[in-house]
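# An overview of the molecular structure
Spelled out from the first residue to the last, the chains are:
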Amino acid sequence: MLEKKYDHLSVEANKYSFWMDKDYFTAGKDKSKEPFCIVIPPPNVTGVLHLGHAWDTTIQDIIIRYKRMDGYDALWLAGMDHAGIATQAKVDKKLKEQGIAPRTMDREKWLEKAWDWKEEYSENIRRQWAKMGLSLDYSRERFTLDEGLNKAVNEVFVKLYNEGLIYRGERIINWDPEATTALSNEEVIYKDVEGAFYHMKYYIEGTNDFLTVATTRPETLFGDTAVAVNPSDERYNKLIGKNVILPIINKLIPIVGDLHADPEFGTGVVKITPAHDPNDFEVGNRHNLERVVVMNPNGTMNEQTGKYNGLDRFECRKQLIEDLTKEDILIKIEKMTHSVGHSERTGVMVEPYLSKQWFVKMRPLADRVLENQKDKNSKVNFVPKRFEKVMNHWMEITYDWCISRQLWWGHRIPAWYNGDEIYVGLEKPIGEGWTQDNDVLDTWFSSALWPFSTLGWPENTDDLKRYYPNNVLVTGYDIIPFWVNRMTFQGLHFTDKRPFKDCLIHGLIRDKEGQKMSKSLGNGVDPMDVIEKYGADSLRFFLTTNSSPGQDLRYDEEKVKSTWNFINKLWNASRFVLMNLDDFKEEDYSLENISIQDKWILTKLNKTIKSIRQNMDKYEFHNVGNELYSFIWNDYCDWYIELSKAKMDNSTKSVLLKVLTDILKMLHPFMPYVTEEIYQMLPVKEESIMISSYPKYNDKEVFNKELEQVNKIITDIVAIRNLKATNQITKDAKVKVDVLDEYKGIYFHQLKIQNDNLITEEILDFEKESYKSSIIEITYYFEGNKDNSKILEEISSLEKSIERRQSLLNNPNYVAKAPQNIVELDRKKLSEEIEKLNILKEKV
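Everything quoted here is computed from the prediction, not taken from an experiment.

### Quick notes on the overall build of the chain
Within the chain, the secondary structure is distributed over 26 helices and 27 strands. Over its C-alpha trace the chain gives a radius of gyration of 36 Å, far above what one expects of a compact globule, namely 28 Å for 844 residues. For the chain, the C-alpha atoms occupy an extent of roughly 125 × 65 × 55 Å along the three principal directions. In the chain, which comprises 844 residues, the proportion classed as buried is 55%. Of the contacts made within the chain by residues no fewer than 6 positions apart, 77% connect residues no fewer than 24 positions apart. Accessible surface, the chain: about 38300 Å² in total, of which carbon and sulfur atoms supply 47%.

Structure, rendered in structure tokens:
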């Protein structure tokens, strides 16, 4: 028997080890079943699962549990990401706290420390996955830096290099001065910061005239190798071919004519710094200009800057402005706010920087994706569809991908150098003097291979043949450029297939006020703390039923608490059912001779099953949640359980059991723990709810006539209760009832009316109130109450409540963001309160 009180900590204590011991999570045991595969978006091994990861993994677990129960050979492959920059920063920080300078260590010794970190924190992630109740197949767990993935990564690099799709070149890239590594454009976050245009004089050689040049980064002037004007600009075009004197270092640099200079923008004169600006780099190429790097990799100024050598770039700017002012070179400082790139990982301002790096030539790969998306049979199907535009736009405007990183933690680039000679291959070249490239590959390079490399590629394994392409990927819209796009072009290029059939997109988790969660705002929520307080089932149900696909989710603890209350309602209803099934045996189960109320709930159940399946297949989990909530709370708990008390025979017990069993099965993907706990107490069951069959619609158990009849009864009962409440009719009132025989049992039970209470003669001395429908006529005779004060008080209370509900329902934010079942409940109660208010006013 279930404990009297629902205790989530007790319920969730041992279920996970029970499932693991039974080996329920391992796929591939029954090859006769249709395969279904999800490969987990791997969390990084920095050790803490945030609420967003809890959200998308719960969605995946819902899908995989549903498919497993629905008869599929369902594989949910576990794995983690090595997260190059983030993990290296964490390991370095730990070493520094121990008094060790990380970059003074031998590379192999440092890697030993990094692998120790990985082992420690990956175990932490597994514990958190277990607390979340995730049914992952750990027998196939992968890591983006494991031996098999390294083989796949090297295979891809070498093939792309041999096909001319990977090359090494000197270009302007995004440079992170703190992590001292290159970044791809997707790893740069733009923030609005306060800055300025610094207007300076560049004197024309041999004259007292000058050109006014404005820049936001004056510290880069040491790298200027020209100034540009537009050839069509009549103010300056006669100066093309002359020289200007570079301030501070008094070096002559040419005036060039180039369309990059916009006559309508600023002064129309642009300083050209080919080593520190991507546009200037292109201008430099057109005019064969020298590329002068003026910064060190750590963001300090180098020997090209004279007395500023060794200064931090921002300190250099400060001192340089002072010197330009003293020399009467600075004309003015124009304050403004502009958007500046920052490193996604370290948060520091990114520096455009000339560097020799490895790149993927993107145009051919992107064009193939765009072509493939035109074929409805082979395309990646986005849910919601609008996010396909995000991928297509990225593919249309894409640029070559910088894939090399100046780190130690990652897949080392399979390239070797011997003087000017370069060798790229799977094995080290034969001979002396070869040195391997020190750089590693961008983490996203290995993550892009995740859907097929985890299944054994480049070998043609049984898992690859059975489970690829994956059926669905679940991820946030913010990760489409980083990951979804790259998996798509790599999958098409190396397997000739899309990596996954569907791509289900969710939004971001925000706080209650709609702000993005972050450490700096202090509004983050640890999912493990929520689980401790309310249980994994409450968190899972809240996360997956409070927003539609693609929409952001606002975290609200009160809504998690209301989910806990919902589970408690189910718990208490289950206790009632189990108490009435105390001596019930499997052979007692029968749906013969079922009552009208039994037929009503079976009809409601099957209509719910049909709709739930449709929404589960469309990933509309918010609709599933609302329907289950309404059916369980309103139809089953509030009505059927009460109606069943009128006739508690074996048929009704069988219906109580059947409906509860199907409720538990439909809820199981969302709430695995409490559903397993209750399911194990049922007299008729499988070994585990996790391997039981998901409910199917049965049209033989749909009774539309009885559905309509009982709906009328419920309408009557609600109306009669309102009539009694409105008139303060007490239990000792005289009652006259006229009801059709077939409905007497239900009405008498619900209204607590006994036959000997009924009267057959109207008592004229008493006041009376009546209710009549096509089924029942009921009249209450009661002592008149000439004092209307109580009714007036109730009118006042109702008016206030109606005003509050109308205010809520007229608020678009509330209607859009509150759970749909709560909004519908408010609408229903508002309608009931208005009706009751009108009756009371009429009475007064």
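### Topic: helix α18 (residues 596–617)
Helix length check: α18, at 22 residues, gives a terminal C-alpha distance of 32 Å against a target of 32 Å (1.5 Å per residue), a fit within 8%. Burial analysis of α18 places 16 of its 22 residues in the buried class, the great majority of the element. Backbone geometry just downstream of α18 places Y619 in the positive-phi region, at approximately 65°.

### Quick look at the nonpolar core
Here is a general trend for soluble globular proteins: nonpolar side chains tend to be buried in one another's company. Formed by 135 residues in total, the largest nonpolar core has its most connected members in I63 and Y636. Here the element with the most residues in this core is helix α19 (residues 621–644); it accounts for twelve residues. Beyond its immediate chain neighbours, meaning those up to four positions away, Y636 contacts V577, I601, F631, I641, L656, V659, L660 and I663. Within the second largest apolar cluster, 57 residues are counted, among which are V39, A152, W394 and L473.

### A closer look at the packing of helix α16 (residues 536–545) against helix α17 (residues 557–580)
Across the interface, α16 lies against α17 with an axial gap of 8 Å and an inter-helix angle of 120°. For the element pair α16 and α17, the recorded crossing hand is right-handed. Each of D537, S538, L539, F541 and F542 in α16 lies in contact with α17, whose residues at this interface are K559, V560, T563, W564, F566 and I567. Residues that form the contact of α16 with α17 fall into these classes: seven nonpolar, two polar and two charged.

### Re the pairing of strand β17 (residues 415–418)
Bridge count for β17 against strand β18 (residues 421–424) is four bridges, and the pairing is antiparallel. Bridge pairing in β18 links W416 to Y423. Between β17 and β18, which pair antiparallel one after the other, the connecting turn spans two residues, and G419 there sits at a positive phi close to 65°. Bridging between β17 and strand β19 (residues 435–436) involves two bridges; their strand directions are antiparallel. Within β19, the position partnered with Y417 by the bridge is T435.

### Observations regarding the packing of helix α4 (residues 84–97) against helix α5 (residues 107–132)
Following both chains from N to C, one finds α4 and α5 inclined at 105°, their axes separated by 10 Å at the closest point. When the axis of α4 is compared with that of α5, the two are roughly perpendicular. Contact residues: α4 offers T87, Q88, K90, V91, D92, K94 and L95, while α5 offers W110, K113, A114, W117 and E120. Here the contact of α4 with α5 is composed, by residue class, of five nonpolar, two polar and five charged.

### Let's talk about the packing of aromatic side chains
The full count for this structure, using the stated rule, is 39 aromatic pairs. Seen in terms of ring centroids, F452 and W457 are 5.2 Å apart; in terms of plane orientation they differ by 85°. Their pairing is edge-to-face. Taking relative accessible area as the criterion, W457 reaches 8% and is therefore assigned buried. Directly above the ring of F143 sits K118, whose terminal nitrogen or CZ lies 4.6 Å from the centroid. Residue placement shows K610 over the ring face of Y697; its charged tip is 4.9 Å from the ring centre.

### Focus on the sheet that holds strand β14 (residues 381–383)
The strand order across the open sheet built from three strands is β14-β22-β21, with neighbouring strands paired in parallel fashion. The open sheet terminates on both sides in strands that have one partner only, identified here as β14 and β21 (470–476). Mean inter-strand twist for the sheet, computed between neighbouring axes without regard to direction, equals 20°. Sheet analysis places β14 next to strand β22 (residues 500–506), joined by three bridges and oriented parallel. From the neighbouring strand, N381 faces β22, where its bridge partner is D502. Across the sheet, helix α14 (residues 480–495) touches β14, β21 and β22, and the angle it forms with β21 is around 165°.

### Re the sheet that holds strand β9 (residues 243–246)
Read across the sheet, four strands follow the order β9-β10-β8-β11 without closing on themselves; strand pairing throughout is mixed. Where the open sheet ends on each side, the last strands, each with one partner, are β9 and β11 (269–272). Direction aside, the axes of adjacent strands within the sheet are offset by 35° on average. Pairing analysis gives four bridges linking β9 to strand β10 (residues 251–257), with the strands arranged antiparallel. Pairing of V244 across the sheet is with I253, part of β10.

### Brief notes about the environment of L289
The residue L289 is located in the loop between α7 (278–287) and α8 (313–326) in this model. In the structure, L289 is positioned 64 residues away from T225 in sequence and 6.4 Å away in space, judged by C-alpha atoms. Once residues lying within four places of it in the same chain are set aside, the contact partners of L289 are T225, A226, P254, I272, P274 and G284.

### Description of the pattern of salt bridges
Taken as a whole and assessed by the stated rule, the structure comprises 53 salt bridges. Taking the shortest distance from any N to any O, the salt bridge between R291 and E170 comes out at 3.3 Å. Linking R291 in the loop between α7 and α8 with E170 in strand β4 (residues 166–176), this pair joins segments that are 121 residues apart in sequence. On the basis of relative accessibility, which here comes to 38%, the residue E170 falls in the partly exposed class. Several salt bridges share partner residues, and in doing so they unite D61, R65 and R540 into one network.

### Some thoughts on the side chain of Q60
The topology assignment puts Q60 in helix α3 (residues 51–69). In this structure Q60 comes out as buried when scored by relative accessible area, which is 0%. Here D56 takes part through its backbone oxygen, which lies 2.8 Å from a polar atom of the side chain of Q60. Beyond its immediate sequence surroundings of up to four residues, Q60 is in contact with I38, V39, I40, P41, W76 and V474.

Definitions and limits used
Residues numbered from 1 in each chain as written. Predicted model: local features only at pLDDT ≥ 70, side-chain atom pairs only at ≥ 80, totals over all residues. Heavy atoms only, no water. Helix = DSSP H or I, 4+ residues; strand = E, 2+ residues; numbered from the N terminus. Rg over C-alpha atoms; globule rule 2.2 N^0.38 Å. Buried < 20%, exposed > 50% of the residue type's maximum accessible area, 1.4 Å probe, protein only. Contact = heavy atoms within 4.5 Å. Areas by Shrake-Rupley, 256 points an atom, 1.4 Å probe, with all protein chains shown as cover. Expected span 1.5 Å × (residues − 1). Core = buried A, V, L, I, M, F, W, Y, C linked by side-chain atoms within 4.5 Å. Axes fitted to C-alpha atoms, helices over the stretch in contact; angles between N-to-C directions. Left-handed = near helix turned anticlockwise from the far one by under 90°. Nonpolar A, V, L, I, M, F, W, Y, C, P; charged D, E, K, R; others polar. Pairing = 2+ DSSP bridges. Parallel < 35°, antiparallel > 145°, perpendicular 65-115°, else oblique. Phe/Tyr/Trp six-rings, centres within 6.5 Å; stacked < 30°, edge-to-face > 60°. Lys NZ or Arg CZ within 6 Å of the ring centre and 35° of its normal. Salt bridge = Lys/Arg side-chain N within 4 Å of Asp/Glu carboxyl O. Polar contact = N/O pair within 3.5 Å; in protein donor to acceptor, adjacent residues only side chain to side chain.

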